[in-house]
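A closer look at the structure
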Amino acid sequence: MTAKTCLILDIGSGTQDVLLYQEGLELENCPKFILPSPARNVAARIRELTALGRDIYLHGQNMGGGFWRAVKAHQDAGLKVFAHPEAALALGDDLDQVRGHGIDITSVPPLTASQVLLTDFDPGFWRGLLQHAGLPQPDLVLACVQDHGFHPGKSNRISRFAYWERFMNEDGGDLSRLLYADPPEEMTRLQCLRRSIGVGMVADTGSAALLGALFDPGVERTAATDGVLVLNVGNSHTIAFLVLGRQVLGVYEHHTGHLDETKLLDHLARFRRGELDNQEVFDDGGHGCVTVADLPDGFRRIVVLGPRRALLADAKVEFLAPGGDMMLAGCFGLLKGWREAGR
């Protein structure tokens, strides 16, 4: 399928970065948006209802749970929180644990509660925004979110990194396996996103950032010969990849808030040599680290993306702006992955 217009979204914890790609139009002239993330919008709506003294009913589906503090503040104000079972999954995989936080899970909306929609992608919102802006409606949608997977009773840090371990061990780190028309069953947030967008493909935000770095022809050439270390310093998560040719040979993921320049550079130095232990990263509050057994020497070129990249402002690294706009690196990555999939 050849699309004339493609809506591409990189949905993070702080922002959703959007490119409306139109074939035949120079990339620099395609419309771009940097908007608050859906989770931030949900939090803002909950705070409005808290100020009004209204109980709330969360409905919709699994999405990014970055509005938890707003929910807690709502409860602390003496107000009730109700949630549909599917929407409650945005707050945790274990619904009994969610109930333990004082949230009443019910499929029947209470008449006295104001409804709050949970979704990473609202087709009506995008249809209206594009229409009011005088822009064409998309033929398909490409979108990415970070998914911790569905693993009730387990640490979401372990379950999150199990995704990357499976990618390395079962998919062989193959770059062509990073976009999905049909996401893995346990990636429930990606499954919800896939259903919401209609025609299109989805991916993890880490995958989109990696492909976004490789959207830069010079970086792709380095990856083909000497290998490259791609680092994305996001608002919440920091993730790094060792890439050689068309294969990922290592993945490292941590929480940005637990890192400073000294620690991150130490981790990266040992990561590219295959000397960083998975348990060390996990015990430090991160997700983990995995590399192939016979990691070759190299990966000395470190390219950095992400809104928190200033963490390495004084380091000997290279800051990228794929397609001329660093904030849209994930969008360009999705575009690259889709093109290479021959869709």
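Residues numbered from 1 in each chain as written. Predicted model: local features only at pLDDT ≥ 70, side-chain atom pairs only at ≥ 80, totals over all residues. Heavy atoms only, no water.

**Brief notes about the packing of helix α1 (residues 38–51) against helix α2 (residues 68–76)**
Running from N to C, α1 and α2 cross one another at 10°; their axes reach a closest spacing of 8 Å. On the basis of the axis angle, α1 is roughly parallel to α2. Within the contact between the two elements, α1 uses A43, I46, R47, L49 and T50 and α2 uses A70, V71, A73 and H74. A class-by-class count of the residues in the contact of α1 with α2 yields six nonpolar, two polar and one charged. (Axes fitted to C-alpha atoms, helices over the stretch in contact; angles between N-to-C directions. Helix = DSSP H or I, 4+ residues; strand = E, 2+ residues; numbered from the N terminus. Parallel < 35°, antiparallel > 145°, perpendicular 65-115°, else oblique. Contact = heavy atoms within 4.5 Å. Nonpolar A, V, L, I, M, F, W, Y, C, P; charged D, E, K, R; others polar.)

**Regarding the sheet that holds strand β2 (residues 15–22)**
By definition, the strands of a sheet pair up through backbone hydrogen bonds, in either a parallel or an antiparallel sense. Within the open sheet, the six strands sit side by side as β3-β2-β1-β8-β10-β9. Their pairing is mixed. The outermost strands of the open sheet, each flanked by one partner alone, are β3 (32–36) and β9 (179–180). Across seven bridges, strand β1 (residues 5–11) lies against β2 in antiparallel orientation. What sits directly across from I8, in β2, is L19. Across the sheet, helix α7 (residues 188–197) touches β1, β8 (140–145), β9 and β10 (200–204), and the angle it forms with β10 is around 155°. (Pairing = 2+ DSSP bridges.)

**Points about the packing of helix α8 (residues 205–214) against helix α12 (residues 329–340)**
Between α8 and α12, the shortest axis-to-axis distance is 6 Å and the interhelical angle comes to 80°. In this view, α8 runs roughly perpendicular relative to α12, as classed from their interaxial angle. Of the residues in α12, those touching α8 at A208, A209, L211, G212 and L214 are A329, G330, F332, G333, L334, K336 and G337. When the residues that make up the contact of α8 with α12 are grouped by side-chain class, the tally is seven nonpolar, four polar and one charged.

**Considering the environment of R54**
Take R54: it is sitting in the loop between α1 and β4 (56–60). Given the relative accessible area of 36%, R54 is considered partly exposed. With 45 residues separating them along the chain, R54 and L9 place their C-alpha atoms 32 Å apart. Discounting residues that sit within four places of it in the chain, R54 has contacts with L49, H74, L79, T112, A113 and S114. (Buried < 20%, exposed > 50% of the residue type's maximum accessible area, 1.4 Å probe, protein only.)

**With respect to the domain arrangement of the protein**
The assigned domain composition of the protein is domain 1 (38–118) and domain 2 (143–342). For domain 1 versus domain 2, the separation of C-alpha centres amounts to 31 Å. (Domains from an automatic or database assignment.)

**Considering the sheet that holds strand β6 (residues 104–105)**
Across the sheet, four strands lie side by side as β6-β5-β4-β7; this open sheet has parallel pairing. Two strands in the sheet have a free side with no partner beyond their single neighbour: β6 and β7 (114–118). For β4 and β7, the ladder comprises five bridges, and the chain directions are parallel. Paired with L58 across the two strands is V116, which belongs to β7. Packed on one face of the sheet, α1 meets β4 and β7 and runs near 170° to β7.

**Here we look at the packing of aromatic side chains**
The full count for this structure, using the stated rule, is seven aromatic pairs. Ring centres 6.2 Å apart and planes at 65° place the aromatic pair F33 and W126 in the edge-to-face group. Of this pair, F33 sits in strand β3 while W126 sits in helix α5 (residues 123–132), and the two are 93 residues apart along the sequence. Classification of W126 by relative accessible area gives buried; the value is 3%. A centroid spacing of 5.1 Å and a plane angle of 85° characterise the contact between F125 and W126, whose relative ring orientation is edge-to-face. What links up through ring pairs into an aromatic cluster is the set Y163, W164, F167 and F241. (Phe/Tyr/Trp six-rings, centres within 6.5 Å; stacked < 30°, edge-to-face > 60°.)

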